[in-house]
Amino acid sequence: MRYTAKEDNYSWDPYHIVSQQVVPGGKPIDKIAPVPFLCKMLVLSGGTLLFHTLPSSDALPPAQISPLRGVLTFSLDENALRLHPNYPTTSIDEKSLNAIRLAIIRRRSIVVFALEDRLRQLG
């Protein structure tokens with residue numbers, strides 16, 4: 001859900017809902033990971049990894065990045081997150097700002113992807 005402040009200060013509730021997203025199947029969310037420099041958010045729910053946009057949290061169309069099923073958990077490359085321009089660093093590689101490595105852990109395998117505009121399997 002996304003909220004904004006109401007203009008009037010006389011209401012008992014100072015916020016109102018701007019948008020609301022429901023994950024497919026109505027299952028609870030297990031894990032959320034924002035990737036601000038790619039304007040994406042990863043959502044794990046019921047063994048399915050879903051890809052959303054930031055800040056609106058709209059689901060990405062399957063033609064761009066389709067949901068991954070059978071996922072136990074996932075991990076993002078923490079070094080790439082720290083290389084974001086908002087963090088002080090002297091070694092920013094331009095390519096690092098356009099992609100992030102993503103490890104998908106399934107029951108019998110670990111697969112590494114590069115998350116960019118699309119999802120690309122590495123190795």
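Everything that follows concerns the structure shown earlier in this document.
Residues numbered from 1 in each chain as written. Predicted model: local features only at pLDDT ≥ 70, side-chain atom pairs only at ≥ 80, totals over all residues. Heavy atoms only, no water.

Q: I tried to follow the side chain of Thr48 on my own but got confused; where do I start?
A: One can find Thr48 in strand E5 (residues 48-53). A relative accessible area of 15% places Thr48 in the buried class. If we ignore the near neighbours within four places in the chain, the residues touching Thr48 are Val43, Pro67, Leu68 and Arg69. (Helix = DSSP H or I, 4+ residues; strand = E, 2+ residues; numbered from the N terminus. Buried < 20%, exposed > 50% of the residue type's maximum accessible area, 1.4 Å probe, protein only. Contact = heavy atoms within 4.5 Å.)

Q: Where do I start with the packing of aromatic side chains in this structure?
A: The relative placement of two aromatic rings is captured by the distance of their centres and the angle of their planes. Counted according to the given criterion, the structure contains zero aromatic pairs. Over the ring of Phe74 we find Lys31, and its NZ or CZ is 4.4 Å from the ring centre. (Phe/Tyr/Trp six-rings, centres within 6.5 Å; stacked < 30°, edge-to-face > 60°. Lys NZ or Arg CZ within 6 Å of the ring centre and 35° of its normal.)

Q: Help me understand the sheet that holds E5 in this model?
A: In a beta sheet, neighbouring strands pair by backbone hydrogen bonds and run either parallel or antiparallel. What the four strands build is an open sheet, ordered E3-E4-E5-E6; its pairing is antiparallel. Of all strands in the sheet, those bounded by a partner on one side alone are strand E3 (29-35) and strand E6 (68-69). Pairing between E3 and strand E4 (residues 40-45): six bridges, direction antiparallel. Counterpart to Ala33 in the pairing with E4 is Leu42. (Pairing = 2+ DSSP bridges.)

Q: How should I be thinking about the sheet that holds strand E8 (residues 100-106) in this particular structure?
A: Reading across from one edge, E7-E8-E9-E10 is the order of the four strands in this open sheet, with antiparallel pairing throughout. At either end of the open sheet lies a strand with only one pairing partner, and these are strand E7 (71-76) and strand E10 (119-121). Ignoring strand direction, the axes of neighbouring strands in this sheet form an average angle of 30 degrees. Summarising the sheet, strand E9 (residues 110-115) and E10 pair through three bridges and their orientation is antiparallel. For Leu115, the partnering residue across the bridge sits in E10 and is Leu119. (Axes fitted to C-alpha atoms, helices over the stretch in contact; angles between N-to-C directions.)

Q: Is there a simple way to explain the pattern of salt bridges in this structure?
A: Should their charged atoms come close, side chains of opposite charge can pair. Per the counting criterion, the structure on display carries two salt bridges. We note a salt bridge from Arg101 to Asp77, for which the minimum N-O separation is 2.7 Å. Of this pair, Arg101 sits in strand E8 while Asp77 sits in the loop between E7 and helix H1 (78-82), and the two are 24 residues apart along the sequence. Ionic pairing is found between Glu116 and Arg120, a salt bridge with its closest N-O pair at 3.4 Å. (Salt bridge = Lys/Arg side-chain N within 4 Å of Asp/Glu carboxyl O.)

Q: Please clarify how the pairing of E5 should be interpreted in this entry.
A: Within a regular beta strand, the side chains point alternately toward one face of the sheet and then the other, so they alternate between its two faces. Among the six residues that make up E5, five are buried, leaving the element largely enclosed by the rest of the structure. Note that E4 and E5 share six bridges and pair antiparallel. Of the residues in E5, the one forming a bridge with Leu44 is Leu49. From the end of E4 to the start of E5, which pair antiparallel, there are two residues, and Gly46 there has a positive phi angle of about 60 degrees. Across two bridges, the pairing between E5 and E6 is antiparallel.

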